[in-house]
Amino acid sequence: EIRNLIASSDKVTIIFNSTSSEDNAVFQVVVFNLAAKLPTYFSYEGKLLYIDILYYGEGGLYNKSNSKAELPTNTKIRLLGQHTGAEENSVRLEGNTITVQGTTPKNLVLAGDKLALVVMNIDEEKIEQYVSTIKSA
């Protein structure tokens, strides 16, 4: 369902809470990875995917130009870190919002990587097949 949601979207908005400097450092890594991987993957399928970024600050929701923004209705990826509400290590879908959360910096990065693998339709079986192909070569 997650892959289908993103595959059927032209625009995905990544949203995070910027009030924790510790989580912000990790959010930058996760956002960079997703913003680099997802559009590139879909471009090989002939699809353009635009990634937008919004963040919650002291005075509300802002865009990357630091201007006030409204919560979009399009597909959203919400990031939660150890200081900004993460309750577990997971990737979950509710409606058109995918929540990626990690209770430690490493777990948040891994959750972001899991989302990328899900969207690119790569599962454990495909990874094992690839590894066995490399070993036999």
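Here's a quick rundown of the structure. (Residues numbered from 1 in each chain as written. Predicted model: local features only at pLDDT ≥ 70, side-chain atom pairs only at ≥ 80, totals over all residues. Heavy atoms only, no water.)

Now for the overall build of the chain. Within the chain, the secondary structure is distributed over four helices and six strands. Starting at the N terminus and ending at the C terminus, the chain contains elements arranged as α-β-α-β-β-β-β-β-α-α. Based on the C-alpha atoms only, the size of the chain along its principal axes is roughly 55 × 35 × 25 Å. Split into buried and exposed, the 137 residues of the chain put 42% on the buried side. When contacts within the chain are restricted to residue pairs at least 6 apart in sequence, long-range pairs at least 24 apart make up 56% of them. If you sum the accessible surface of the chain, you get close to 8000 Å²; carbon and sulfur atoms cover 52% of it. (Helix = DSSP H or I, 4+ residues; strand = E, 2+ residues; numbered from the N terminus. Buried < 20%, exposed > 50% of the residue type's maximum accessible area, 1.4 Å probe, protein only. Contact = heavy atoms within 4.5 Å. Areas by Shrake-Rupley, 256 points an atom, 1.4 Å probe, with all protein chains shown as cover.)

So, about unusual backbone geometry. Phi angles above zero are rare outside glycine, and Asn66 is one such case at about 65°. Inspection of the secondary structure puts Asn66 in the loop between strand 3 (60–63) and strand 4 (75–80).

Glancing now at the pairing of strand 4. Both faces of the sheet carry side chains from a regular strand, because those side chains alternate between them. Most of strand 4 is tucked away, with five of its six residues classed as buried. In the sheet, strand 1 (residues 11–17) pairs with strand 4 via five bridges, with the strands oriented parallel. Among the inter-strand pairings, Ile15 is bridged to a residue of strand 4, identified as Arg78. Pairing analysis gives five bridges linking strand 4 to strand 6 (residues 97–101), with the strands arranged parallel. By the bridge assignment, Lys76 is partnered in strand 6 with Thr97. (Pairing = 2+ DSSP bridges.)

Further remarks concern the packing of aromatic side chains. This model, assessed by the stated rule, comprises four aromatic pairs. Aromatic side chains Phe16 and Phe27 sit 5.2 Å apart centroid to centroid with 45° between the ring planes, which places their arrangement in the tilted category. With Phe16 in strand 1 and Phe27 in helix 2 (residues 21–44), this pair connects stretches of sequence that are 11 residues apart. Residue Phe16 shares its accessibility class with Phe27, and that shared class is buried. Relative to Tyr62, the ring of Tyr55 has its centre 5.6 Å away and its plane inclined at 25°; by these criteria the two rings are stacked. Of the two residues, Tyr55 and Tyr62, both sit in the buried class. (Phe/Tyr/Trp six-rings, centres within 6.5 Å; stacked < 30°, edge-to-face > 60°.)

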